[in-house]
Amino acid sequence: MTTLVANDDRLAREAVDRQIITEKLFLYCRACDRLDLGLMSTIFWPDAIAHHGTYVGPAEGFWRGALFFLSRIEAALHYASNVIVELDGDFAYQESLFTAWHRVAKGNLPPASFSKSPYAGDLAGADDMVFDGFPGHDITKDEDAVFCGRYVNKFERRNGEWRIIDHICFVEWEHWAEASERSPVALHNLARRDRSDPVYKR
């Protein structure tokens, strides 16, 4: 009986850990879509590493640059699914599929300085040239760019808190299409790319 109770307690703790780790992934998606610097800073440990596309380096450099990049397009929605979490003491290994939609307006992205933006924070060595243009975009039209691939994350628990310590993202498929709204729903869109979005209202 004691063994059964102990096993039940262990399974319950593991279920909670899996839920927390999965929710952290979903909050990463929210931070991307709402351009939420404060929220994003709670997703990664300060010494985390990111492998995202051609970028390999400190995760803070990646996510600050990503938020700045996303702020320069009209909208984005990130989805994570098929989440698998393997627990190993104070570490966890997570794989998920992702789909990321981006609305990219016609023309070149307007000039902007990452290093002078709020997204750079105190990041050392910010390189403005990294954020010039949207690769693959046909500047003669408004476009929807959809990228699908996988997130492979290593989480670490410190003082009871789970955060990402190693982040890998790679695209396995992409699709571009000319933007075309065919209903008036966009006229009533409540989404905001800041903390005035309805999700933050309590």
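Keep in mind that what you see is a predicted model, and the values were worked out from it rather than measured. (Residues numbered from 1 in each chain as written. Predicted model: local features only at pLDDT ≥ 70, side-chain atom pairs only at ≥ 80, totals over all residues. Heavy atoms only, no water.)

Points about the pairing of strand β2 (residues 55-58)
Basically, it comes down to this: At least two bridges found by DSSP between two strands are what make those strands a pair. A run of DSSP states H or I qualifies as a helix once it reaches four residues; a run of E qualifies as a strand once it reaches two. Both are numbered from the N-terminal end.
Relative to β2, strand β1 (residues 44-52) runs antiparallel, the two being bridged by four bridges. Bridge assignment links Ile49 to a residue of β2, and that residue is Pro58.

Looking at the sheet that holds strand β5 (residues 143-158)
For the record, the criterion: Simply put, an axis is a line fit to the C-alpha atoms, just over the touching stretch for a helix, and the angle between two N-to-C directions goes from 0 to 180 degrees. Residue contacts are counted whenever heavy atoms from the two residues lie within 4.5 Å of one another.
Taking strand neighbours across the sheet as the criterion, the six strands line up as β2-β1-β6-β5-β4-β3 in an open arrangement whose pairing is mixed. Only two strands of the sheet have a single neighbouring strand rather than two, namely β2 and β3 (75-88). Adjacent strand axes in the sheet meet at a mean angle of 15 degrees when their direction is disregarded. Here five bridges tie β1 to strand β6 (residues 161-178), and the two strands are oriented parallel to one another. Among the inter-strand pairings, His52 is bridged to a residue of β6, identified as Cys169. Contacting β1, β2, β3, β4 (91-104) and β6, helix α3 (residues 59-71) crosses the sheet at an angle of about 65 degrees to β1.

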